[in-house]
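Notes for the structure review
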Amino acid sequence: TEEVKDYLEVIDDPIDLRTMEKRIRKGDWYKNKHMLYSDMMKMVNNCKMYNGEGSTYYDYAVSLEKYLATIFPKRVTAAVAAATVEGGVGGS
């Protein structure tokens, strides 16, 4: 990335809103809400990892994480959390 030169040295599996938008517009990437939520949480976790606790960006990521929990059904958030522990959600 141009703005943060070391980002890809810190983050192994990057995702961003532009990529998610392209996937949504294409219409064949996200087969279910689990996959979308998984990418959103990957973005949140990447942000927290890269910026570190105490930074404004970290705080924004925490706020987004809390918001996502209110707009996705509990079954989706629980399934993605379980899949993350077990090794990932397909397609993300």
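Since the structure is predicted, the reported quantities are computational estimates derived from the model, not experimental observations.

Remarks on the packing of aromatic side chains
This model, assessed by the stated rule, comprises 3 aromatic pairs. Note on Tyr57 and Tyr60: the rings are 6.5 Å apart at their centroids and 75° apart in plane angle, and the pair reads as edge-to-face. Highlighted residues: Tyr57 and Tyr60, both in helix 4 (residues 56-71), separated by 3 residues, approximately one helical turn. The exposure class assigned to Tyr60 is exposed, which follows from its relative accessible area of 55%.

Here we look at the environment of Glu65
Locating Glu65 in the fold gives a position in helix 4. In this structure Glu65 comes out as partly exposed when scored by relative accessible area, which is 24%. For the pair formed by Glu65 and Lys22, sequence separation is 43 residues and the distance between their alpha carbons is 21 Å. With residues near it in sequence (within four places) discarded, Glu65 still touches Met41, Val44 and Lys48.

Some words on the pattern of salt bridges
Inspection of the entire model under this criterion finds 5 salt bridges. When the shortest N-O distance is used, the salt bridge between Arg25 and Glu21 registers 2.9 Å. One end of the pair, Arg25, and the other, Glu21, are both in helix 2 (residues 17-26), 4 residues apart, so they sit about a helical turn from each other. By relative accessible area, which is 39% here, Glu21 ends up partly exposed.

Structural notes on the packing of helix 2 against helix 3 (residues 33-51)
Here helix 2 crosses helix 3 at 170°, and the two axes come no closer than 10 Å. Considering their axes alone, helix 2 and helix 3 lie roughly antiparallel with respect to each other. Listed contacts from helix 3 to Leu17, Met20, Arg23 and Ile24 of helix 2 are Leu36, Asp39, Met40 and Met43. Of the residues in the contact of helix 2 with helix 3, the class split is 6 nonpolar, no polar and 2 charged.

A few points about helix 3
The terminal C-alpha atoms of helix 3 lie 27 Å apart, and with 19 residues this matches the ideal 27 Å at 1.5 Å per residue to within 8%. Within helix 3 the residues assigned to the buried category are Met35, Tyr37, Ser38, Asp39, Met40, Met41, Lys42, Met43, Val44, Asn46 and Lys48. For helix 3, the capping residue at the N-terminal end is Asn32, with a side-chain oxygen 3.0 Å from the backbone nitrogen of His34. Gly52 sits one or two residues past helix 3 and shows a positive phi near 80°.

Quick look at the packing of helix 3 against helix 4
Relative to each other, helix 3 and helix 4 sit at 160°, their axes nearing to 8 Å. In terms of their interaxial angle, helix 3 and helix 4 are classed as roughly antiparallel. Here the hand of the crossing between helix 3 and helix 4 comes out left-handed. Listed contacts from helix 4 to Tyr37, Met40, Met41, Met43, Val44, Cys47, Lys48 and Asn51 of helix 3 are Tyr57, Tyr58, Ala61, Val62, Leu64, Glu65 and Leu68. Within the contact of helix 3 with helix 4, the residues separate by chemical class into 12 nonpolar, 1 polar and 2 charged.

Cut-offs and rules
The residue numbers shown here count from 1 along each chain, following its written sequence. Per-residue local features of the predicted model are confined to residues with pLDDT of at least 70, and side-chain atom pairs are confined, for both listing and counting, to 80 or more; whole-chain, interface and lining totals are unaffected and use all residues. Processing note: side-chain calculations cover all non-hydrogen atoms of the structure and skip hydrogens and water entirely. The aromatic pairing rule takes the rings of Phe, Tyr and Trp, using the six-membered ring of Trp, and pairs them if the centres are within 6.5 Å, calling planes under 30 degrees apart stacked, those over 60 edge-to-face and the rest tilted. The secondary structure listing takes helices from DSSP runs of H or I that are at least 4 residues long and strands from runs of E that are at least 2 residues long, numbered from the N terminus. We call a residue buried when its accessible area falls under 20% of the maximum for its residue type, exposed when it is over 50%, and partly exposed in between, using a 1.4 Å probe and counting protein chains only. Two residues qualify as a contact provided that any one of their heavy atoms is within 4.5 Å of a heavy atom in the partner residue. A carboxyl oxygen of Asp or Glu within 4 Å of a side-chain nitrogen of Lys or Arg is what we treat as a salt bridge. In this analysis an axis means a line fitted to C-alpha atoms, helices contributing only their contacting stretch, and an angle means the value between N-to-C directions, from 0 to 180 degrees. Working definition: roughly parallel below 35 degrees, roughly antiparallel above 145 degrees, roughly perpendicular at 65 to 115 degrees, and oblique for all remaining angles. The classification used treats Ala, Val, Leu, Ile, Met, Phe, Trp, Tyr, Cys and Pro as nonpolar, Asp, Glu, Lys and Arg as charged, and all other residues, Gly among them, as polar. By definition here, a helix of n residues has an expected span of 1.5 Å times n minus one. Think of a polar contact as two N or O atoms within 3.5 Å of one another; within protein, one of them needs to be a possible hydrogen donor and the other a possible acceptor, and neighboring residues in sequence only count if both atoms come from side chains. We call a crossing left-handed when the near helix sits turned anticlockwise from the far one by less than a right angle, and right-handed when that turn is clockwise.

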